[in-house]
Amino acid sequence: MLSATTIDSALRLALDEDAPWGDITGETFIPASASATAKLSAREAGILAGIDVFARAFTLVDPRVDVDLTSADGDVFAAGDTLATVSGPARAVLQAERIALNFCQRMSGIATQTRAFVDAASSNTAGANTAGRGVRIVDTRKTTPGLRVFEKHAVVCGGGHNHRFGLSDAVMVKDNHLAVLAGENADVSAAIRSARAQLSHTTTIEVEVDRLEQIHAVLDGGADVIMLDNFTLADLRAGVELIAGRAIVEASGNVTFETVADIAATGVDVISSGALTHTVRAIDLGLDLVLDAG
């Protein structure tokens, strides 16, 4: 998903935003002949994500910059760990520094938060679903515009899973879709079956419900996934029992670090949370620079 082309495109936009006419500080204060070595240091513990994006920011500014990676995406790191070493022309190292850190810090923040959710959900031994597997923690489309692929990659680095990438990936009938159908006096079961007839056999259909009594019609229509949105814990358990393995059960709404373990214990298959990407604190990483006598 996170291809070299995607990385370069986003980095070029970020670099153009940051230095549209060059780095006037570096160009006026730093000799063109100066070289520098810098270490990417962790100032707190976390899960690494975006290290290849970090490295590419420097080589995109100047191919002569060398980036030695000592850690990989998904690695656990502690405060004080060195994650990479950057060396090359000082002007290029200084120009790329902030963009490289911005991507890596935010992505690592997402990976770290995701791992916390995954660990919390799996800590409750009662949280096995009807198939006997642990619940999946997944992201949503509540991502930063233009950076979705980076943020969803970070979720995977943290041990989570991706929901659909966008509107073109899968059918997901939400409350507003159902409201339109109700306004047209359409039958939900029939609408699901009609959609199925128009779709490829590889395309899944998910339907969101906010009341237990909506589940029967969705099951009759043959939905692949049923999202129980903002259900109480008692209703989640009742929903899982009612669906009884006939569809994948997803819980969503009011999913926080404090609630995720209890939600997992209801037996749902999937828990989706926008908090994985939209409410994240960047991990504190620093680029500690040591100038050579160039």
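Everything quoted here is computed from the prediction, not taken from an experiment.

So, how was this worked out
Residues numbered from 1 in each chain as written. Predicted model: local features only at pLDDT ≥ 70, side-chain atom pairs only at ≥ 80, totals over all residues. Heavy atoms only, no water. Helix = DSSP H or I, 4+ residues; strand = E, 2+ residues; numbered from the N terminus. Buried < 20%, exposed > 50% of the residue type's maximum accessible area, 1.4 Å probe, protein only. Contact = heavy atoms within 4.5 Å. Domains from an automatic or database assignment. Buried area = accessible area lost by both parts, 1.4 Å probe. Salt bridge = Lys/Arg side-chain N within 4 Å of Asp/Glu carboxyl O. Polar contact = N/O pair within 3.5 Å; in protein donor to acceptor, adjacent residues only side chain to side chain. Nonpolar A, V, L, I, M, F, W, Y, C, P; charged D, E, K, R; others polar. Phe/Tyr/Trp six-rings, centres within 6.5 Å; stacked < 30°, edge-to-face > 60°. Lys NZ or Arg CZ within 6 Å of the ring centre and 35° of its normal. Disulfide = S-S within 2.5 Å.

## With respect to the overall build of the protein chain
- Along the backbone of the protein chain there are 11 helices and 12 strands.
- If you line up the protein chain on its principal axes, its C-alpha atoms span 75 × 40 × 25 Å.
- Across the 294 residues in the protein chain, those meeting the buried criterion constitute 45%.
- The contacts of the protein chain with a sequence gap of at least 6 include a subset with a gap of at least 24, amounting to 71%.

## With respect to the domain arrangement of the protein chain
- Taken as a whole, the protein chain is organised into domain 1 (4–117 + 281–290) and domain 2 (123–278).
- Distance between the C-alpha centres of domain 1 and domain 2: 36 Å.
- The partner domain 2 presents 21 residues to the 19 residues of domain 1 that form the contact.
- For the pair domain 1 and domain 2, the summed buried surface comes to about 1,500 Å²; carbon and sulfur atoms form 71% of the total.
- Looking only at domain 1, the three residues that lose the most surface to domain 2 are Ile110, Thr114 and Phe117, adding up to 43% of its buried area.
- Run the count over domain 1 and domain 2 and you get one salt bridge.
- One salt bridge connects arginine 106 with glutamate 151, and the closest N-O pair in it is separated by 2.9 Å.
- Taken together, the links from domain 1 to domain 2 amount to five residue pairs in polar contact (both at pLDDT 80 or more).
- Sorting the residues of the side of domain 1 that touches domain 2 by element identifies α1 (4–18) and α4 (90–122) as the ones contributing at least two each.
- Sorting elements by how many residues they give to the side of domain 1 that touches domain 2 places α4 first, with 10 residues.
- Here the residues of the side of domain 1 that touches domain 2 are counted per class, giving 12 nonpolar, four polar and three charged.

## Considerations on unusual backbone geometry
- Even without being a glycine, asparagine 230 presents a positive backbone phi close to 55 degrees.
- Structurally, asparagine 230 can be placed in the loop between β9 (225–229) and α9 (233–243).
- Residues other than glycine seldom take positive phi values, yet asparagine 254 does so here, at roughly 55 degrees.
- Tracing the chain through its elements places asparagine 254 in the loop between β10 (248–252) and α10 (260–264).

## What about the packing of aromatic side chains?
- Scanning the entire structure with this criterion turns up three aromatic pairs.
- Ring geometry for phenylalanine 54 and phenylalanine 58: centres 5.1 Å apart, planes at 65 degrees, overall edge-to-face. Of this pair, phenylalanine 54 and phenylalanine 58 are both found in helix α3 (residues 51–61), four residues apart, which corresponds to roughly one turn of the helix. Grouping residues by exposure puts phenylalanine 54 and phenylalanine 58 together as buried.
- Ring geometry for phenylalanine 117 against phenylalanine 257: centres 6.3 Å apart, planes inclined by 65 degrees, an arrangement best described as edge-to-face. With phenylalanine 117 in helix α4 and phenylalanine 257 in the loop between β10 and α10, this pair connects stretches of sequence that are 140 residues apart.
- Among the residues examined, phenylalanine 117 registers a relative accessible area of 4% and is labelled buried.
- The ring of phenylalanine 165 has arginine 148 lying over it, and the distance from NZ or CZ to the ring centre is 6.0 Å.

## Here we look at the state of the cysteines
- What the rule picks out here adds up to zero disulfides.
- We note that cysteine 104 lacks a disulfide partner, and the nearest cysteine sulfur, in cysteine 157, lies 9.8 Å from it.
- Relative accessible area serves as the criterion here: at 0%, cysteine 104 is assigned to the buried category.
- For cysteine 157, a relative accessible area of 10% translates into the label buried.

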